[in-house]
Amino acid sequence: MEVKIEESWKEVLKDEFQKSYFEQIAMHLKLEKASNKTIYPPGNLIFNAFDQTPFEKVKVVLLGQDPYHNPGQAHGLCFSVQKGVKPPPSLVNIYKEINKDLGLPIPETGDLTPWAKNGVLMLNAMLTVRANEPASHSKIGWENFTDAVIQKVSEKKKGVVFLLWGRFAQDKQILIDATKHHILKAAHPSPFSADKGFFGCRHFSKTNELLVKEGLEPIDWRL
């Protein structure tokens with residue numbers, strides 16, 4: 001099927017778009033919209049992570065789980081919210097760690113688009129959600145697609161840093177070739193778990209150290 005996604009990703013993922021599971025995802029979303037369900041993010045932002053970070057520019061993969069389900073938040077980048085929206089608690093904790101790790105000021109914005117443009121693929125495992133119903137699209141096939149994305153990055157690239165925060169993300173480690181990529185693991189930045197190993201992980205400086213060793217430009221974590 002024809003999918004509106006950035007051209008380099010369209011080429012890399014072309015086989016996935018022809019598979020039956022992807023047709024089923026599209027049909028599910030159409031049926032929900034036809035029954036007046038509100039779905040986040042808006043249709044034109046479902047593939048925003050790919051549009052902002054073309055395949056050849058991917059240096060870091062940050063894995064999230066589910067889009068935000070409240071109005072005006074989700075815009076297709078994990079952990080990120082649209083301009084003008086107050087940063088959610090997990091993102092506040094990410095900012096606290098960056099502040100301690102790199103000494104950068106804590107931003108007022110929750111929009112992480114600059115990271116995406118800098119080479120961080122900000123990938124949620126599920127790319128859509130029904131309004132006010134967390135994990136409501138966790139069983140419609142999205143993980144087949146996003147697992148394939150992780151596998152393609154692992155297979156076709158070298159020296160990518162994968163940031164796996166929390167058990168859900170860490171379960172994706174089996175999709176990554178650890179002999180040619182870097183995997184950094186920590187607790188999830190949620191208020192329920194941040195003090196169990198996220199705070200103090202120093203993943204932002206460590207990521208940049210690894211990228212420099214690979215001969216790549218470090219990520220500018222400022223917003």
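Everything below is about the structure printed above this text.
Residues numbered from 1 in each chain as written. Predicted model: local features only at pLDDT ≥ 70, side-chain atom pairs only at ≥ 80, totals over all residues. Heavy atoms only, no water.

For the rest of this paragraph, the subject is the pattern of salt bridges. Applying the stated criterion across every chain yields a total of 13 salt bridges. A salt bridge links Asp147 to Lys172; its shortest N-O distance comes to 2.7 Å. Taken together, the residues span a long stretch of sequence, with Asp147 in helix α7 (residues 142-156) and Lys172 in the loop between α8 (167-170) and β6 (182-186) at a distance of 25 residues. Since its relative accessible area comes to 8%, Lys172 is described here as buried. (Salt bridge = Lys/Arg side-chain N within 4 Å of Asp/Glu carboxyl O. Helix = DSSP H or I, 4+ residues; strand = E, 2+ residues; numbered from the N terminus. Buried < 20%, exposed > 50% of the residue type's maximum accessible area, 1.4 Å probe, protein only.)

A word on the nonpolar core. Formed by 71 residues in total, the largest nonpolar core has its most connected members in Trp9, Phe47, Phe50, Trp142 and Phe145. Apart from the residues lying within four places of it in its own chain, the contact partners of Trp142 are Phe22, Ile25, Leu29, Ile46, Phe47, Ala125, Met126, Leu127, Thr128 and His137. (Core = buried A, V, L, I, M, F, W, Y, C linked by side-chain atoms within 4.5 Å. Contact = heavy atoms within 4.5 Å.)

The next thing to look at is the packing of helix α3 (residues 20-34) against α7. Axis separation between α3 and α7 bottoms out at 9 Å; the angle between their running directions is 130 degrees. Between α3 and α7, the interaxial angle falls into the category oblique. Crossing handedness for the pair α3 and α7: left-handed. Together, Tyr21, Phe22, Ile25 and Leu29 of α3 and Trp142, Asn144 and Phe145 of α7 make up the contact between the two elements. Tallied by class, residues from the contact of α3 with α7 come to six nonpolar, one polar and no charged. (Axes fitted to C-alpha atoms, helices over the stretch in contact; angles between N-to-C directions. Parallel < 35°, antiparallel > 145°, perpendicular 65-115°, else oblique. Left-handed = near helix turned anticlockwise from the far one by under 90°. Nonpolar A, V, L, I, M, F, W, Y, C, P; charged D, E, K, R; others polar.)

Sheet architecture is open: four strands sit in the order β3-β2-β5-β6, paired in parallel fashion. Because the sheet does not close on itself, it has two edges, and the strands there are β3 (120-124) and β6. Looking at each pair of strands side by side, their axes are set apart by 20 degrees on average, direction ignored. Both strand β2 (residues 60-64) and strand β5 (residues 161-165) contribute to a ladder of three bridges, which runs parallel. Its bridge partner lying in β5, Leu62 is registered against Leu163. In the packing of α7 onto the sheet, contacts are made with β2, β3 and β5, and the angle to β3 comes to roughly 155 degrees. (Pairing = 2+ DSSP bridges.)

For the rest of this paragraph, the subject is the packing of aromatic side chains. What describes a pair of aromatic rings is the distance from one ring centre to the other and the angle between the planes of the rings. The full count for this structure, using the stated rule, is 19 aromatic pairs. Between Trp115 and Phe204, the aromatic rings sit 6.4 Å apart at their centres with planes inclined by 50 degrees, giving tilted as the arrangement. One end of the pair, Trp115, is in helix α6 (residues 113-117); the other, Phe204, is in helix α9 (residues 203-213), and 89 residues separate them in sequence. According to the relative accessible area criterion, Trp115 is buried, its value standing at 1%. Between Phe204 and Trp221 the ring centres are 5.0 Å apart and the planes differ by 85 degrees, which places this aromatic pair in the edge-to-face class. Highlighted residues: Phe204 in helix α9 and Trp221 in the segment after α9, separated in sequence by 17 residues. You can call Phe204 buried: its relative accessible area is 0%. (Phe/Tyr/Trp six-rings, centres within 6.5 Å; stacked < 30°, edge-to-face > 60°.)

Moving on, we come to the packing of helix α5 (residues 89-102) against α9. Contact pair α5 / α9: the axes reach a minimum separation of 8 Å and the direction vectors enclose 60 degrees. What the angle tells us is that α5 and α9 run oblique. Across the interface between the two elements, Ile94, Glu97, Ile98, Asp101 and Leu102 of α5 pack against His203, Phe204 and Ser205 of α9. The residue makeup of the contact of α5 with α9, split by class, is four nonpolar, two polar and two charged.

Below, the discussion takes up unusual backbone geometry. Of note, the bond from Tyr40 into Pro41 is cis; its omega dihedral lies within 30 degrees of zero at -10 degrees. Relative to the helices and strands, Pro41 is located in the loop between β1 (39-40) and α4 (48-52). Positive phi values are uncommon outside glycine, yet Asn36 reaches one of about 65 degrees. Given the relative accessible area of 69%, Asn36 is considered exposed. For Arg202, which is not glycine, the phi torsion reads 55 degrees and is therefore positive. One can find Arg202 in the loop between β6 and α9.

Glancing now at the environment of Val92. As for its position among the elements, Val92 is in helix α5. Among the residues examined, Val92 registers a relative accessible area of 30% and is labelled partly exposed.

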